[in-house]
Amino acid sequence: MATKKTVKKAAKKAAPKKAAKKAAPKKAAKKAAPKKAAKKKSARKPSAAFMKPLTPSADLAAVIGSKGLPRTEVVKKLWDYIKANKLQDSKNKRMINADAKLKPVFGGKGQVSMFDMAKLISKHLK
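Residues numbered from 1 in each chain as written. Predicted model: local features only at pLDDT ≥ 70, side-chain atom pairs only at ≥ 80, totals over all residues. Heavy atoms only, no water.

### Points about the overall build of the chain
- A count of helical and extended segments in the chain gives 4 helices and 2 strands.
- Traced from its N-terminal end to its C-terminal end, the chain shows the element sequence α-α-α-β-β-α.
- Counting the 126 residues in the chain, one finds 21% classified as buried. (Helix = DSSP H or I, 4+ residues; strand = E, 2+ residues; numbered from the N terminus. Buried < 20%, exposed > 50% of the residue type's maximum accessible area, 1.4 Å probe, protein only.)

### Points about the nonpolar core
- Membership of the largest hydrophobic core comes to 21 residues, with the highest contact counts inside it found for L60, L78, I82, L102, F106 and M117.
- Contributing elements (two or more residues each) for this core: α2 (58-64), α3 (71-84) and α4 (114-122).
- Among the elements that make up this core, the one with the highest residue count is α3 (5 residues).
- Apart from the residues lying within four places of it in its own chain, the contact partners of L60 are G65, V74, L78, V105, I121, H124 and L125. (Core = buried A, V, L, I, M, F, W, Y, C linked by side-chain atoms within 4.5 Å. Contact = heavy atoms within 4.5 Å.)

### Describing unusual backbone geometry
- Phi angles above zero are rare outside glycine, and K86 is one such case at about 50°.
- By secondary structure assignment, the location of K86 is in the loop between α3 and β1 (95-97).

### Overview of the side chain of H124
- Locating H124 in the fold gives a position in the segment after α4.
- Here H124 is in contact with T55, P56, S57, D59, L60, P104 and V105, once residues within four sequence places are set aside.

### A word on the packing of α3 against α4
- Between α3 and α4, whose axes approach to 11 Å, the crossing angle comes to 125°. Considered as vectors, α3 and α4 are oriented oblique to each other. In the crossing of α3 with α4, the sense of the turn from one axis to the other is right-handed. Residue-level contacts link R71, V74, L78, W79 and I82 of α3 to M114, M117, I121 and S122 of α4. (Axes fitted to C-alpha atoms, helices over the stretch in contact; angles between N-to-C directions. Parallel < 35°, antiparallel > 145°, perpendicular 65-115°, else oblique. Left-handed = near helix turned anticlockwise from the far one by under 90°.)

### With respect to α3
- Given a rise of 1.5 Å per residue, 14 residues ought to cover 20 Å, and the 20 Å separating the end C-alpha atoms of α3 matches this to within 8%.
- The set of residues buried in α3 consists of V74, L78, W79, Y81 and I82. Down the axis of α3, the buried side of the element spans an arc of 160°, and every buried residue falls inside it. Turned more than 90 degrees from where α3 packs its buried face, K83 and A84 sit exposed.
- Considering only its buried residues, α3 is in contact with α2, β1 and α4. (Expected span 1.5 Å × (residues − 1). Arc of directions from axis to C-beta.)

This is the structure:
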């Protein structure tokens with residue numbers, strides 16, 4: 001017994017092929033309406049936890065100052081200090097060479113990865 005699918009396939013094969021239709025003449029293109037100015041999205045507000053001022057320890061205060069700052073600003077000031085004193089390793093830019101002020105912040109290590117830096121800084125913020 002033939003199934004519906006096989007019957008339809010056989011009907012398609014048996015049907016004569018139709019001649020290709022002629023392409024209809026193209027209509028004149030309409031002028032695009034002027035687009036309205038897109039609404040500006042409101043600036044994304046940072047989480048209150050990130051903006052909470054934290055007090056640096058005495059070791060960290062020697063580098064960035066004793067004023068309470070949010071964690072993001074602490075990292076920014078630390079990078080400013082690193083770049084001003086050229087403490088980034090010349091061969092491997094991911095490594096930071098500690099000077100006399102940064103050594104206590106980095107737990108006595110002479111060289112620290114930039115990815116470990118945030119972990120080490122968190123111990124000096126309250």
